[in-house]
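So you can see what is in the structure, the chains are spelled out below.
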Amino acid sequence: MDIRLENVSYTYSPGTPFAYQALRDVSLYIPHGRYVAIIGHTGSGKSTFIQLLNGLLQPTEGTMQIGEFTLPAKKKKGLEKLRQQVGLAFQYPEYQLFEETVRKDVAFGLVNMGVPPEMIVARVDAALRLVGLDPEKYGEKSPFALSGGQMRRAALAGVLVMNPKVLILDEPTAGLDPAGHRAILEMIARVHREEKRTTILVTHSMEDAALYADYLYVMNQGRVWMEGTPQQVFQEPEKIQQAGLDLPEITRFIVQFNERVRTAGSSVPPLPLDIFDSEQLADELARRFSRRGGKRR
Amino acid sequence: MVDLTETIIRLNQVSFAYEGAEEKAVKGVSCEVRKGEFLSIIGHNGSGKSTLAKLLNGLLLPTEGSVEVAGVVTSDEEQIWQVRQTVGMVFQNPDNQFVAPTVEDDIAFGMENIGIPPSEMEARIIDALQKVNMSEFRTAEPNRLSGGQKQRVAIAGALAVRPAVLVLDEATAMLDPRGRKEVLEVVRRMNLEQGMTVIQITHYLEETLESDRILVMDGGALVGEGTPETIYQKVDWLRKLGLDVPFACDLQYRLRKKGFRFPVLNITGEGVLDSLWISD
């Protein structure tokens, strides 16, 4: 499901003294199957953007094409269908868990949609497996008996079970410890590979954006401030800082490394800026310093 | 340089179980917090960090053992306000911490609670807002502020009470990178310039690098204690606990496996570069 926005703006409370333009003249194209990260500080327009994508909001100016859906739409009916195909997992999605059992909670959307009961169980269990929760072990438990990370997984299963073509995740790791953080992002990356849908990750973390996404949109003041592959975007540190963001730490290290090479007139070759994995960086460093003796044993 | 020898909080074999819970959330923790130190507490979700924080100012009382704050035991009901005055707390969600329609009223609320005379409040509000760089927002509505600004107002509210210790319980968790930086700069400055003791609980390991000490919690118990340089040496152990190490420490860990030698662990990228170049 391709996504195309043409000159889309969104204004809250238009025509009143409280009018606030949260999104300004955004044009972009996301081909189906891409893993996209949306980065930007609070108030940059990220939340408005994702609410437009699943039809919770409709553009006040411009048009959007999401698969077969054109927005603004005249009929409400189409929006419901759009919402089934564009799954949105809000921040802290576990706050919305409410059923007696994990299975019932994950099934909620399907039941609402009128999916026949005999089909529901299989889909629910498949969704639970997809997020790494064994349905036999956790299916009949109360969602509130799960750990924080497991609750987050159960809530994401509730979105995935609808089998959306586009999956939007608003800071899916907020509040999780480092292991839970990594586990959730690895799970999302695996689901993206296996299910071949479009994944849109909203994040504050430049590291996560660089490590997981194919393509980044940096939002600032309601506009798309920068876009491109991680290496393209991180070529311009000043522009990133103007958006109130920082380079990923690994990129900052590489920039400093290259700066030292330059100022020292060293013969060590500079490091490429497209390394986002620490092991790869360590390999590159080992290659550079072993030839020169350096400090290796 | 503050010498960190005076104890301000002492925990003696502290355990705590929530009502009806089978397992204790905090198990037999003994430790001392020194006056003027910047202390970080790390641990995975559910490791007991937040419970420990609430035990530090008597919001929770130990089911076993005792917590002493500046010589006062927190279970002493008659002196609980003295404990609360000594230890200020700022929590995770900036939206749940406001009770009043304006920033200044909100800051006044905390002072009313401990009986600061109204004649003194004005000066304290001005002072507290200045410390967190929020003076111009004195009459603003809290709900119109950004997350980082809200948390700085929450800190100002705590500071107006003039606590000797400020506890930040994941106070930056819901903020964006800019907001996190704003909050950390403020508390770091309070620590360095005013000698205020800071105890922060965080999942952002990068935020612990400037701490004097780090405490590591697991399963309700205190399982590790040391400077960032010593704690972040133990990469495998931390990962087993559901934690991780900051970027520079991870990089050195990987480089060491490839035969590099680092006489000491550098906790910043700059430090790693220095060692690479010095030996070059």
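What you are looking at is a predicted structure, and each value in this text was computed from that prediction instead of being measured. (Residues numbered from 1 in each chain as written. Chains lettered and ligands numbered in written order. Predicted model: local features only at pLDDT ≥ 70, side-chain atom pairs only at ≥ 80, totals over all residues. Heavy atoms only, no water.)

### A short note on the environment of Ile114(B)
Residues and elements named next belong to chain B.
- Relative to the helices and strands, Ile 114 is located in the loop between helix 3 (103-113) and helix 4 (118-131).
- Along the chain, Ile 114 and Arg 84 lie 30 residues apart, while their C-alpha atoms are 8.5 Å from each other.
- When sequence neighbours within four positions are dropped, the list of residues in contact with Ile 114 reads Trp 81, Gln 85 and Val 161. (Helix = DSSP H or I, 4+ residues; strand = E, 2+ residues; numbered from the N terminus. Contact = heavy atoms within 4.5 Å.)

### Some thoughts on the pattern of salt bridges
- In total, this model carries 34 salt bridges over all chains according to the counting rule given.
- With a closest N to O distance of 2.7 Å, Arg138(B) and Glu104(B) form a salt bridge. Taken as a pair, Arg138(B) in the loop between helix 4 and helix 5 (147-160) and Glu104(B) in helix 3 lie far apart in primary sequence, 34 residues in all.
- Here Glu122(B) makes a salt bridge to Arg138(B), at a shortest N to O gap of 3.3 Å. Pair noted here: Glu122(B) is in helix 4 and Arg138(B) is in the loop between helix 4 and helix 5, with a separation of 16 residues, a long-range link.
- The network of salt bridges with shared partners includes Arg182(A), Glu279(A), Asp283(A), Arg239(B), Asp244(B), Asp250(B), Arg254(B) and Lys258(B). (Salt bridge = Lys/Arg side-chain N within 4 Å of Asp/Glu carboxyl O.)

### Considering the UniProt feature "domain: ABC transporter" (unreviewed entry) in chain A
- If you check UniProt for "domain: ABC transporter" (unreviewed entry), the listed places come out as residues 3-246 of chain A in our numbering.
- Helix makes up 39% of residues 3-246 of chain A and strand 25%. Its end C-alpha atoms lie 28 Å apart. (UniProt positions renumbered as here; feature names shortened; annotations may be inferred.)

### Structural notes on the packing of aromatic side chains
- Evaluation of the coordinates by the stated rule reveals 12 aromatic pairs over all chains.
- Pairing Phe260(B) with Phe262(B) gives two aromatic rings, centres 6.4 Å apart and planes at 10 degrees, and the pair type is stacked.
- Connected via pairs of aromatic rings, a cluster forms that spans Phe257(A), Phe289(A), Phe260(B), Phe262(B) and Trp277(B).
- Over the aromatic face of Tyr204(B) sits the side chain of Arg180(B), whose NZ or CZ is 3.7 Å from the ring centroid.
- Between the NZ or CZ atom of Lys234(B) and the centre of the ring of Trp237(B), over which it lies, the distance is 5.5 Å. (Phe/Tyr/Trp six-rings, centres within 6.5 Å; stacked < 30°, edge-to-face > 60°. Lys NZ or Arg CZ within 6 Å of the ring centre and 35° of its normal.)

### Comments concerning the UniProt feature "domain: ABC transporter" (unreviewed entry) in chain B
- If you check UniProt for "domain: ABC transporter" (unreviewed entry), the listed places come out as residues 9-244 of chain B in our numbering.
- Summarising residues 9-244 of chain B: 35% helix, 24% strand, and an end-to-end C-alpha distance of 28 Å.

### As for the side chain of Glu37(B)
All names here are of chain B.
- Within the secondary structure layout, Glu 37 lies in the loop between strand 2 (26-34) and strand 3 (38-42).
- According to the relative accessible area criterion, Glu 37 is buried, its value standing at 1%.
- Every residue in contact with Glu 37, bar those within four places of it in the chain, is listed here: Leu 4, Glu 32, Asn 191, Met 196, Thr 197, Val 198, Asp 212 and Arg 213. (Buried < 20%, exposed > 50% of the residue type's maximum accessible area, 1.4 Å probe, protein only.)

### Observations concerning the domain arrangement of chain A
Residues and elements named next belong to chain A.
- Per the domain assignment, the segments making up chain A are domain 1 (3-247) and domain 2 (251-291).
- The contact between domain 1 and domain 2 buries some 670 Å² in all, and 71% of this surface belongs to carbon and sulfur atoms.
- For the pair domain 1 and domain 2, the number of links is 0 salt bridges.
- At the junction of domain 1 with domain 2, the criterion picks out 1 residue pair in polar contact (both at pLDDT 80 or more).
- Put simply, the parts of the chain that give the side of domain 1 that touches domain 2 at least two residues each are helix 8 (206-212) and helix 9 (230-233).
- Grouping the amino acids of the side of domain 1 that touches domain 2 by side-chain chemistry returns 5 nonpolar, 2 polar and 1 charged. (Domains from an automatic or database assignment. Buried area = accessible area lost by both parts, 1.4 Å probe. Polar contact = N/O pair within 3.5 Å; in protein donor to acceptor, adjacent residues only side chain to side chain. Nonpolar A, V, L, I, M, F, W, Y, C, P; charged D, E, K, R; others polar.)

### Comments concerning the sheet that holds strand 3 of chain B
Residue and element names in this part refer to chain B.
- Reading across the sheet, the 6 strands line up as 6-7-8-3-9-10 and stay open at both edges, with mixed pairing between neighbours. Each having just a single partner strand, strand 6 (87-90) and strand 10 (221-226) make up the two edges of the open sheet. Across the sheet, the mean angle from the axis of one strand to that of its neighbour is 20 degrees, orientation sign disregarded.
- Summarising the sheet, strand 6 and strand 7 (residues 165-169) pair through 4 bridges and their orientation is parallel. Directly across from Gly 88, in strand 7, lies its bridge partner Leu 166.
- On the sheet, helix 5 packs against strand 6 and strand 7 and is oriented at approximately 165 degrees with respect to strand 6. (Pairing = 2+ DSSP bridges. Axes fitted to C-alpha atoms, helices over the stretch in contact; angles between N-to-C directions.)

### Digging into the packing of helix 3 of chain B against helix 5 of chain B
Residues and elements named next belong to chain B.
- In contact at an axis separation of 8 Å, helix 3 and helix 5 are set at 35 degrees when each is read in the N-to-C sense. Considering how the two elements wind past one another, helix 3 and helix 5 form a crossing that is right-handed. Counted together, Val 103, Ile 107 and Met 111 of helix 3 and Val 153, Ala 156, Gly 157 and Ala 160 of helix 5 form the full contact between these two elements.
- Of the residues belonging to the contact of helix 3 with helix 5, the class tally is 6 nonpolar, 1 polar and no charged. (Left-handed = near helix turned anticlockwise from the far one by under 90°.)

### As for the nonpolar core
- Counting residues in hydrophobic clusters, the biggest one holds 76 residues, and the most contacted among them are Phe234(A), Phe257(A), Leu281(A), Leu285(A) and Leu251(B).
- Per-element tally for this core: the top contributor is helix 6 (residues 148-160) of chain A, with 7 residues.
- The residue makeup of this core includes at least three contributed by each of domain 1 (3-247) and domain 2 (251-291) of chain A.
- Setting aside residues no more than four positions away along its own chain, Leu285(A) makes contact with Phe253(A), Phe257(A), Leu271(A), Leu251(B), Leu255(B), Phe260(B) and Leu276(B).
- If you look at the next biggest cluster of nonpolar residues, it comprises 35 residues, including Val132(B), Leu145(B), Leu168(B) and Leu184(B). (Core = buried A, V, L, I, M, F, W, Y, C linked by side-chain atoms within 4.5 Å.)

### Some details on unusual backbone geometry
All names here are of chain A.
- Of the consecutive residues Leu 71 and Pro 72, the connecting peptide bond is found in the cis state with omega at 0 degrees.
- You can see Pro 72 is positioned in the loop between strand 5 (69-71) and helix 2 (76-85).
- Positioned with a positive phi, Asn 163 is a non-glycine residue whose angle comes to about 55 degrees.
- Along the chain, the position of Asn 163 falls in the loop between helix 6 and strand 7 (166-170).
- The residue Lys 196 is not glycine, and still its phi comes out positive at about 50 degrees.
- Its location among the elements puts Lys 196 in the loop between helix 7 (178-195) and strand 8 (198-203).
- Given a relative accessible area of 60%, Lys 196 falls into the exposed group.

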